[in-house]
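# Fold and contact review
Each chain is listed here by its residues.
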Amino acid sequence: MYEQVSHSLLNQILDELKPDIRKRDLRHFYTRLGANFYAIYSLFHNLYGKRDDFVAQMVRLVEVMATQYINRANELKKIDIEREQHHDWFLSQEWVGMALYADGFNGNIEGLRDRIGYLQELGINMLHVMPILECPRGASDGGYAVSDFRNVDDRIGTLDDVRQLGADMRRRNMLLTLDVVVNHTSDEHAWAQQARQGSRKYQDYYYIFDDRYVPDMFEATMPETFPETSPGNFTYDDEMQKWVMTVFNSYQWDLNYSNPAVFIEMLDIILFWANQGADIVRLDAVAFLWKKIGTTCQNEREAHLILQLMKDCSQVTAPGVLFIAEAIVAPVEIIKYFGEDAVIAKECEIAYNATYMALLWEAVATKNTKLLNQSIQSLPDKLDRATWLNYVRCHDDIGLGFDDADIVRCGYEPQAHRRFLVDYFTGVYDDSHARGQPFGRNEKTGDARISGSLASLAGLEYALESGDETAIDESIDAILLLHGMIMSFGGIPLLYYGDEIGTLNDSTFQFDETKANDNRWMHRPGIDWSKAEQRRRHGTVEQRIFDGLKRMIAVRKSTPAFADYNNRALIDTDNTHLFVFIRNNPSVPNDRVLVVANFDGSPQSLTISDLGNRGYFEYGQLRDLYSGEAPRQYKDQLVVPPYRFYWLTDSGL
Ligand code: GLC
């Protein structure tokens, strides 16, 4: 949009740019800057307009964008332009992701490069490599306490290794996702060190207070993130003799985004990683970016403005690069991280679908889909040009972030229901085969979350130990069922490393003092490659899971109805054990897939004629895309075996 005030400011800024920037041919940069400048100016002004140095800060902001544009390799600029031309490229069903720790997967980044073939064998073409940046030798929250944002941790590799990995992946048409931990730094970061030594400039990078007066005001309404290991939201720093805000662990200092210098530094870092070859940048803990007394300090309006500003600026320099929002918050809040716009994602193009993940686990525990159906129905449609990251497990705990009103609508009492779920997955009940552990138990509120590997939570650990063949079959079916749901729901499925071969809980973290008090390490395994080899032996657990997923991925990729264009309709059936929805191919009429999943331990039936208007599926004409076979039917009753799912089609028969 053209608007006089911002336009004249833009001209002034261009005049003030350093001569070495002005001399360059920055055609694409300037056209994009012109297009986004009004938005950038408005957002920056909204956040920082009252400061005397506003214009100087804007000049600095544009300089950072321009310098990173100049540094951007031609190969990456070409990709930017291709993606501008095919702007909904990431909504395609062809993307299937996996998140992994490079060291846990195969030692380091070089080891990971050696095993890209394994990922391709499975069908993975998008990789989230968990934090690789320099972090303290002791506890570092799995790399989420960064001490140098521009250096790779030498235990994992070098910057050159990352560039090589990016290049390898581009050649194979795979996407690379890297983390930028935007909310906090390690207390060993140079900014924190200088703040400690008394630098006012760097103390302003954080929330630092002389006494408890302001911290106590914040604490009155802030929840605790790690109540057991890091209670409260402030830590006293002996050296500085001041209090610093530490929402996560005591060694993770929250950055102060009310200071524009912090915003500009972090944007520079995001663009730096975009220039190292990241196709997607995962922005960690984005709900926490703005702190305000009297609030929970989560999901504040300004946190959204910061993300919009990051997106607008990043589109100028590296428009092909996508953002993932990691915002594990209430269902109605998560969707806002796409940006509240009619069409385009104004903040992050991709967001973790933590709601769906938790609901799937809830359905496993209750063996019914009441809450799953209810909650999905309560959610608004996402934006057209945005997509979910659908996952079953990741490196974090499972938080039970459902909407209380939905729980009540299903006839449960919210607190008791959540307690039941934690108890179920931590094996308190005799009929539960799950082997998880409670995480982040808060004695004051009674809240808890759940740790554990997918396979152990799904009962495989118990089944293997007891040698119970039926239980083994059931847990494998449950593992495949959950993946069947993330592959077909709409969005990019994100597998978690080790799950493809049924990796069980790892208890060795208890012997490492830097990890022992954080049981999320029980599901951050080191891959046992001899176990992975078992995928080639027919009938092994590894082969059954690996091949099941491989087939699912291949079918997903060739099923356009699974692309994510808000082309899903949930179907209410009178069978509360079933989760049923239809996916339509937006470009081909009548090309659709009926997804039917049974979360119960007994066979369940679905009456095809009950599908109502959408029930154009003909009796006797159905085929399951996943197994390639016709499902069991009796007249118009479709029978779904325990813990199984169908991807049914009636076209192409
Ligand atoms: C994100 C990460 C989690 C980490 C937290 C603090 O939620 O996924 O692992 O503990 O941020 O950085």
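Model, not experiment: these values are computed from the prediction. (Residues numbered from 1 in each chain as written. Predicted model: local features only at pLDDT ≥ 70, side-chain atom pairs only at ≥ 80, totals over all residues. Heavy atoms only, no water.)

## A few points about the overall build of the protein
Helix and strand content of the protein: 24 helices and 25 strands. For the protein, whose C-alpha radius of gyration is 25 Å, the value lies close to the compact-globule estimate of 26 Å for 653 residues. Principal-axis analysis of the C-alpha atoms places the extent of the protein at approximately 75 × 55 × 50 Å. Among the 653 residues that make up the protein, the fraction classed as buried is 62%. For the protein, the share of sequence-separated contacts (at least 6 apart) that also reach a separation of at least 24 residues comes to 72%. For the protein, the exposed area adds up to about 25100 Å²; of that, 46% sits on carbon and sulfur atoms. On the protein, the mean spot of the 66 positive side-chain charges and the mean spot of the 95 negative ones are 4 Å from each other. (Helix = DSSP H or I, 4+ residues; strand = E, 2+ residues; numbered from the N terminus. Rg over C-alpha atoms; globule rule 2.2 N^0.38 Å. Buried < 20%, exposed > 50% of the residue type's maximum accessible area, 1.4 Å probe, protein only. Contact = heavy atoms within 4.5 Å. Areas by Shrake-Rupley, 256 points an atom, 1.4 Å probe, with all protein chains shown as cover. Lys, Arg positive; Asp, Glu negative; His and termini not counted. Charge placed at Lys NZ, Arg CZ, Asp CG, Glu CD.)

## Focus on the site of the ligand
For the ligand, the full set of nearby residues is D141, Y144, H184, F226, F248, Q252, R282, D284, E326, H395, D396 and R520. Within the contact set of the ligand, an oxygen atom lies 2.8 Å away from a side-chain nitrogen or oxygen of E326. In isolation the ligand exposes 310 Å². Once the protein is present, 95% of that is buried. Grouping the constituent residues of the shell around the ligand by class yields three nonpolar, three polar and six charged. Of the residues that make up the shell around the ligand, three or more belong to each of domain 1 (89-175 + 265-560) and domain 2 (184-254). (Near = heavy atom within 4 Å. Polar contact = N/O pair within 3.5 Å; in protein donor to acceptor, adjacent residues only side chain to side chain. Nonpolar A, V, L, I, M, F, W, Y, C, P; charged D, E, K, R; others polar. Domains from an automatic or database assignment.)

## A look at the environment of R83
With respect to the secondary-structure elements, R83 resides in helix α5 (residues 74-85). In sequence terms R83 and G320 are 237 residues apart; their C-alpha atoms lie 5.5 Å from each other. With near-sequence residues (within four places) excluded, R83 lies in contact with W89, L175, D279 and G320.

## Some points on a nonpolar patch on the surface
A contiguous nonpolar surface patch, about 320 Å² in accessible area, is contributed by Y213, M217 and I293. As for its placement among the helices and strands, I293 is situated in the loop between β11 (280-283) and α14 (301-317). (Patch = residues over 30% accessible without salt bridge, like charges linked within 9 Å, V, L, I, M, F, W, Y side chains within 5 Å. Salt bridge = Lys/Arg side-chain N within 4 Å of Asp/Glu carboxyl O.)

## Things to note about the side chain of Q252
Within the secondary structure, Q252 is located in strand β10 (residues 252-254). Overall, the relative accessible area of 0% leaves Q252 in the buried class. For Q252, the side chain forms a polar contact with the side chain of D141, separated by 2.8 Å. Apart from residues lying up to four places away in sequence, Q252 is in contact with D141, Y144, A145, H184, T185, M245, T246 and V247.

## Notes on the side chain of E362
With respect to the helices and strands, the residue E362 is situated in helix α16 (residues 354-366). Of the side chains bearing the opposite charge, K370 lies closest to the buried E362, which forms no salt bridge; the N-O distance is 8.0 Å. At 2.6 Å, the side chain of E362 forms a polar contact with the side chain of H417. Those residues in contact with E362 that lie beyond four places of it in its chain are N368, L371, F402, Y412, H417 and L421.

## Describing the packing of aromatic side chains
On inspection of all chains with the given rule, the structure shows 41 aromatic pairs. Both rings, one in Y101 and one in Y497, keep their centres 6.3 Å apart while their planes meet at 70 degrees; by these two values the pair is edge-to-face. Here Y101 is found in the loop between β1 (97-100) and α6 (102-106), whereas its partner Y497 is found in the loop between β17 (492-496) and α23 (529-533), with 396 residues between them in sequence. Here Y101 falls in the buried class, since its relative accessible area comes to 6%. A relative accessible area of 1% places Y497 in the buried class. With centroids separated by 4.8 Å and ring planes inclined at 80 degrees, the aromatic side chains of Y118 and W529 adopt a geometry described as edge-to-face. Pair noted here: Y118 is in helix α8 (residues 116-122) and W529 is in helix α23, with a separation of 411 residues, a long-range link. Each of the two residues, Y118 as well as W529, counts as buried. (Phe/Tyr/Trp six-rings, centres within 6.5 Å; stacked < 30°, edge-to-face > 60°.)

## Things to note about the sheet that holds strand β5 (residues 175-180)
Within the closed barrel, the eight strands sit side by side as β1-β2-β5-β11-β12-β13-β14-β17. Their pairing is parallel. Across the sheet, the mean angle from the axis of one strand to that of its neighbour is 25 degrees, orientation sign disregarded. Alignment of β5 against β11, held across four bridges, turns out to be parallel. Opposite V180, over in β11, you have L283 as the bridge partner. Contacting β5, β11 and β12 (322-325), helix α13 (residues 260-275) runs over the sheet at an angle of about 155 degrees to β5. (Pairing = 2+ DSSP bridges. Axes fitted to C-alpha atoms, helices over the stretch in contact; angles between N-to-C directions.)

## Re the pairing of strand β18 (residues 568-571)
Taken residue by residue, a regular strand's side chains alternate between the two faces of the sheet. Here four bridges tie β18 to strand β19 (residues 578-584), and the two strands are oriented antiparallel to one another. What sits directly across from A569, in β19, is I582. Between β18 and β19, which pair antiparallel one after the other, the connecting turn spans six residues.

Take it as geometry only, folks, not as evidence of what the structure does.
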